[in-house]
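What follows is each chain in one-letter form.
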Amino acid sequence: MKRTGAIQLHGTPVWRRMLKNYELYIFLLPAVIYFFVFCYMPMYGVQIAFRNFMPNKGILGSPWVGMKHFQRIFRLPSFGAIVWNTLAISLYSLIVSFPVPILLALVINEIRRSGYRRVVQTVSYAPHFISTVVLVSLIEMFCNTDYGVINRTIELFGGEAIPFLSNQSYFRSLYVLSGVWQSSGWSAIVYLSALSSIDPQLHESAMIDGASRLKRIIHINLPCIMPTVSLLFILQVGSLMSVGFEKVYLMQKSINLDVSEVITTYVYKQGLLQAQYSFSSAVGLFNSLVNCLLLLITNTVSRSMGGNSLF
Amino acid sequence: MLARKTKKNRIYSKDDRLIDFLAYFIGAVVIFVTLYPLIFVVSASFSDPVEVISGHVVLWPVSFSLEGYEKILNYTLIWTGYRNTILYALFGTLLNLCFTLPAAYALSRRDLVGRNIIMAYFAVTMFFSGGLIPTYLVMKSIHLVNNPLIMVLLGAVSVWNTVIARTFFQNNIPMELQEAAYIDGASTTRLFFRIVLPLSKPIIAVLALFCAVGHWNSYFNGLIYLSDIKYYPLQIFLRNILILDQMENMMGDPDSVENLLRQMQLKESMKFGIVVVSSVPVLIMYPFLQKYFVKGMMVGAIKG
Amino acid sequence: MAKKILALALILGLFCSMAAIAEENPAGISPILGFGGEWASGSWGVSQLPLSDGDPIHVSCMFPRQSGHPESFDDIWWSKELLKRANVVIDWTLVESSGFEEKKNLVLAAGDYPDIFMDGIKKTDEQTFGPLGIFVNLAPYIEEYAPNTRELFERFPDVKKSLSYPDGAIYNLCDFNITPRDQFVSAPYYNEQWVLDMGLEIPETLDDLYDIFVAVRDGDADADGETDDEIPLLYSFENATDFKYSVLAAYGLIALKDDYGITADYVKDGQYLFVPVQEGYKDYLTYMNKLYTEGILSPDCFTASGEQINAKVQSLDVFMIAGTPYGVMANDEDWMKYDMLPFLTSEKSGEKIWPGTLRHVRSWGNFVMTDKCQYPVEMVKLQDYFYSEVGSMMVRAGREYGTYDDYGWEIIITDEATGEWTSKIHYDTENFSGYYAWRQHNAPLQGTYVAGEFQNKVMIASDYKNNWYSETKMGTGRTDFMQIPYPEVTFTEEEQDTLMVYVDIANYVKSMEAKFITGDADIEGEWDTYVSTIDGMGLEDIIAVKQAAYDRWNLN
């Protein structure tokens, strides 16, 4: 399979191939340097989780304390609660907001008139472009007991205004549902694109065989997007223990701290607001490790079940 | 597409029409649920703040008033933030494209030796990080703290974007085309700039949009790494106004009665206008770009 | 017995030192009479300015910028004045106050910190960074270079005690406030007019108050024909603690809201009590829960934003508010109908106690010097200058009328013979809503200073509403029986370690408080679980630590 001067896969010694493609390595250089500086160099600093970091002694000068901080994590009375909060929000998200884009994509795909379909699609992912800050303030505006539209509608139908913002049992729902509003349309794009690549012949032959439309959706469309679904599912399960920091932090108030304190916000507050640098690093590291583990587990499980895997 | 084809030989059945109806209906619901909050905010921004607080604004502005916008125009910091964010988004996106595209292309080439290792090198960073303090220390040692450059540099490469771009290159730039270029004596660089890039407009649009929106909406990096107000991005000022309650300040100083009251009133009437002012550019921009990036997303994301 | 002798000795000692000072009277220092009560008698305090003979001294400072401050301090009046008087230039790094905490911790961790801080340093920061040497120990410098500070420490030994660590180190300085009005916390304000209009009496007990609340809720207090438009009780639960203080005091407990957001520390007869597990606290929760379930305590207290609450308060729909009565004061017509709630008792306790703030201190963390500062002596002298009367006026009152342009404060002698005087404020009324706003536009308004009668007279004279606030607050007679619940103590390193779990306890207490009050948790049923949970978190150790710290403080 030798080709002169062209793209070669086998047959030539490694170093020669590398030499020939030296420009590709130059292409890679900026990104490689970037990751080295911004990601790998800070990893060196992870060791403060095993030390008692003292700012004026620097990282290396700070005394080594081994697992002391990690032990403290487990002895923390609120640790269980924090972990549970993180898991609860993630699971809730998974169960509610994972299927929605799939369903949305399936539905949008069934809209016949292309103009209308495009409008729906375009509108549906508009909220994706709103910043987290704005989103949280929208939540507060709409769930407000005084002038929030939701409550006023409830009142219109004769009900009583519900204190969404002050009652912490609504916190998780607000978090997850606002996430659904914001990102379903955007996530649906992926599925829609998969759906659009379905061979129309499949549908034609199915119709000729007498299959109803619903049957067709279930038996053709769904299986087709399954690979994408399972891939994204793996990724989401793998990040079960990492609830994004920004949105939760913005939505936190002292009345909902019970349910709103998640690992990332705890790490932030301990590290940056309480100056517990080493301790918060330890918690952060612990979190990363757990995430990694989860990802590996789900990946292996999925692969052994014959499905797709990430790697 | 599918609809047109089947129009000719249709078998109208009951469930067909039901599904049609459902699809249209759900589509309408989606439009309403998505658009209503946005329309409300726009209306509220043009209404008298008192009316808003008493809940009289439902869909259209009540007691049309430009008071909120007037105050926004006078609040110079908003414009500082705006200017900064635009600059960061612009340069950040450019930088991102310059870093990501070449790297993604290199990774798309199956004849790249060490491809998997390099991919792993990239991918590991998605799961592990040094943590905030160590990253801050590194940033400080390279003099990036309180330096507007950091807002442009951070996020210059994202693994996600690289993967999407790589997939795009793999699926859309035919191997034959590239080989032909080599046979014609082109160097890899020339191949990349003259042939691959022009064919990659959709993915460039995708990356540019992802990146620009990311910069537009970010506030955390600015909060941590920037000290000087004159460098702050827009979202930080938004956060101060929209989310944070000024009450804390009030409790200390009885001297400041009038002052703080005024500030509170100011905040209330500015809130909606600020949401509009900060989100509108993005919301207006994206429908125009969408024809480019939907295509790009489609292709890039399937094997994602 | 030993304590009594000690106290006597202390008083004697004070007398002697005061007498000594009175005799000595080095140039410029005269005894504080309400801190320069008579302007004509000259100003108090020594000035050691300018601090440099040749080129101006440059120091860097990181400062939390409030929304009223200008974008840059480089060209404001204050900076120019500083250069003129002291030959010092401060290189400011202004950080938004909302992100100051994070920023400060980051720069301290990274070794990137400025020479001085003039605001925003907390006790916990001192404990972390002082022993490391990052914050400089000011005590030796004060001994040698700061006469005003020394004098103030002599006059107010409590303050010195609270600033000093067990080894005698002092890492930060506070600002003094010797106006009587600010020596104790406020109580809620209520619409006295409505009470009288409805034919009821000013309340004396919690039960009286409850009856009044019911009357307001059900009746037509503002006589406008509607019975539903009066809100009995509304305030920001998260921020305003006045009402809580009133109820707790009625049940025999006092405590101040601490850095962790809970009211917990009370030393009663020498013994430390953790308030959130006391019987009186349970009574407080019960009372609040009753108010909540009966529609008196508005649910908005927990959810509404500051502005929303304020809007309602301003429109005078609210019967009782908590927190300084800003909203009421903003209403130009009817604010005088409000008055401060008198002291209430309950069936459980008739004792008259009320939380006093640590006397004489307005806020802590107003001057910290780091080991990067190259001019420690000069900076200490500068802060010392700010303690003098002239310096305090510069920090707090702004510029004198006629010094730069047509704005500033002005003293007008009304009676040449007696020296009686009044003051007048001139400021840009078009662009600023009040004198404070205008001041904030050209000075940081933070730092070490002494707020005395004189300065307050100047400030308050500009604001008749502020005057009203002073009068109503003093009018309730609480100065007679106020006590400091728990002094500002300092902890040893070991004790600080033990205190690390305090954060968790505080969070738990906070969240349970809201739940008990709103009925989410049943007081009767869950009180015991609540107490045992806190015990399980290590309460005993905390109590021991706080008691030890108090004992140590007391002994000094």
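What counts and how
Residues numbered from 1 in each chain as written. Chains lettered and ligands numbered in written order. Predicted model: local features only at pLDDT ≥ 70, side-chain atom pairs only at ≥ 80, totals over all residues. Helix = DSSP H or I, 4+ residues; strand = E, 2+ residues; numbered from the N terminus. Buried ≥ 20, exposed ≤ 12 C-beta atoms within 10 Å, placed from the backbone. Contact = placed C-beta atoms within 7 Å. Pairing = 2+ DSSP bridges. Domains from an automatic or database assignment. Nonpolar A, V, L, I, M, F, W, Y, C, P; charged D, E, K, R; others polar. Core = buried A, V, L, I, M, F, W, Y, C linked by C-beta atoms within 7 Å. Axes fitted to C-alpha atoms, helices over the stretch in contact; angles between N-to-C directions. pLDDT = per-residue confidence, 0-100. Expected span 1.5 Å × (residues − 1).

Another aspect to go through is the overall build of chain B. Each helix and strand in chain B was counted, giving 16 helices and zero strands. Residues counted as buried form 46% of the 304 residues belonging to chain B. Across chain B, the fraction of contacts at a sequence separation of at least 24, relative to all contacts at a separation of at least 6, is 74%.

Next up on the list: the overall build of chain C. Looking only at helices and strands, chain C has 23 helices and 16 strands in total. Partitioning the intrachain contacts of chain C with sequence separation of at least 6 by distance along the chain shows that 77% fall at a separation of at least 24.

Accessible area lost when the parts come together is the quantity often used to give the size of an interface. The partner chain A presents 19 residues to the 25 residues of chain C that form the contact. For the side of chain C that touches chain A, the secondary structure elements donating two or more residues are α3 (100-110), α4 (123-129), α12 (300-303) and α21 (502-518) of chain C.

Strand order in the open sheet formed by six strands is β2-β1-β3-β12-β4-β15 (chain C), and the pairing between neighbours is mixed. At either end of the open sheet lies a strand with only one pairing partner, and these are β2 (88-96) and β15 (450-451) of chain C.

Moving on to the domain arrangement of chain B. Residue and element names in this part refer to chain B. Under the domain assignment used here, chain B contains domain 1 (2-65) and domain 2 (70-302). Each side of the interface is counted separately: domain 1 has five residues, and domain 2 has six residues. For the side of domain 1 that touches domain 2, the leading source of residues is helix α2 (residues 14-45), giving four residues. Split into classes, the residues belonging to the side of domain 1 that touches domain 2 amount to four nonpolar, one polar and no charged.

If you look at the biggest cluster of nonpolar residues, it comprises 200 residues, and the most contacted ones within it are A:Tyr191, B:Ile274 and C:Leu138. Element by element, the count of residues in this core is highest for helix α5 (residues 76-108) of chain B, at 10 residues. The contacts of A:Tyr191, once residues within four sequence positions are left out, are A:Pro101, A:Ile102, A:Ala105, A:Ile225 and A:Thr228. Judged by nonpolar contacts, the second largest core, of 76 residues, contains C:Phe213, C:Ala304, C:Leu341 and C:Val545.

All names here are of chain C. One open sheet holds the four strands; their spatial order is β6-β9-β5-β10, and the pairing between them is mixed. Sheet topology places β6 (231-233) and β10 (338-340) at the edges, where each strand pairs with a single neighbour. Along the sheet, successive strands turn relative to each other by an average axial angle of 25°, direction set aside. By the bridge criterion, three bridges tie strand β5 (residues 189-191) to β10 in an arrangement that is antiparallel. Paired with Asn191 across the two strands is Tyr338, which belongs to β10.

Turning our eyes to something else, we now look at the confidence of the model for chain B. All names here are of chain B. Mean pLDDT for chain B: 77, with 81% of residues reaching 70 or above. Note on residues 1-9: pLDDT under 50 across the span, and five contacts to partners over four residues away in sequence or across chains. In this model residues 245-254 is a low-confidence stretch, pLDDT under 50, and it forms 21 contacts with partners more than four residues away in sequence or in other chains.

Geometrically, the link from C:Leu49 to C:Pro50 is a cis peptide bond, its omega value of -10° lying close to zero. Phi at B:His143 is positive, roughly 60°, even though this residue is not glycine. Here B:His143 lies in the loop between α7 (132-141) and α8 (149-153). With 10 C-beta atoms counted inside 10 Å, the residue B:His143 sits in the exposed group. In this structure, B:Asn146 takes a positive phi of about 55° despite not being glycine. By the secondary structure assignment, B:Asn146 is in the loop between α7 and α8. Judged by the 18 C-beta atoms lying within 10 Å of it, B:Asn146 falls in the partly exposed class.

Take the interface of chain B and chain A next. At the junction of the two partners, chain B supplies 87 residues and chain A supplies 79 residues. For the side of chain B that touches chain A, the element with the highest residue contribution is α2(B), accounting for 15 residues. A per-class count over the side of chain B that touches chain A returns 56 nonpolar, 21 polar and 10 charged.

In a regular helix each residue adds 1.5 Å, so 17 residues correspond to 24 Å; helix α12 (residues 201-217) of chain B covers 24 Å between its end C-alpha atoms and thus fits that length. Every buried residue of α12(B) is accounted for by B:Pro202, B:Ile203, B:Val206, B:Leu207, B:Leu209, B:Cys211, B:Ala212, B:His215, B:Trp216 and B:Asn217.

Here we take up the domain arrangement of chain C. Residues and elements named next belong to chain C. Each domain of chain C was delimited in the assignment, giving domain 1 (32-181 + 360-396 + 446-478) and domain 2 (189-355 + 520-555). With centres defined by C-alpha atoms, the gap from domain 1 to domain 2 works out at 33 Å. At the level of secondary structure, the elements contributing two or more residues to the side of domain 1 that touches domain 2 comprise α4 and α19 (464-474).

With that settled, consider the confidence of the model for chain C. All names here are of chain C. The share of residues in chain C with pLDDT of 70 or more is 88%, and the mean pLDDT across the chain is 81. When mean pLDDT is compared element by element in chain C, strand β3 (residues 116-117) scores highest at 93, while helix α1 (residues 2-24) scores lowest at 41. The low-confidence segment residues 6-42, where pLDDT is below 50, has 36 contacts with residues more than four positions distant or belonging to other chains. Reported confidences for the modelled complex are a pTM of 0.76 and an ipTM of 0.78.

Further remarks concern the environment of B:Phe40. Along the chain, the position of B:Phe40 falls in helix α2. If we ignore the near neighbours within four places in the chain, the residues touching B:Phe40 are A:Val149 and B:Leu59.

Attention now goes to the environment of B:Lys271. With respect to the helices and strands, the residue B:Lys271 is situated in helix α16 (residues 257-302). Considered as a pair, B:Lys271 and B:Val41 are 230 residues apart in the sequence and their alpha carbons are 9.3 Å apart. Those residues in contact with B:Lys271 that sit more than four places away from it in its chain are A:Ser137, B:Ile241 and B:Leu242.

On to the environment of C:Gly219, then. All names here are of chain C. Looking at the secondary structure, you find Gly219 in the loop between α9 (206-218) and β6. Under the C-beta neighbour-count criterion, Gly219 is labelled partly exposed, with 15 such atoms within 10 Å. Not counting the four nearest positions on each side in its chain, Gly219 is found in contact with Met198 and Thr227.

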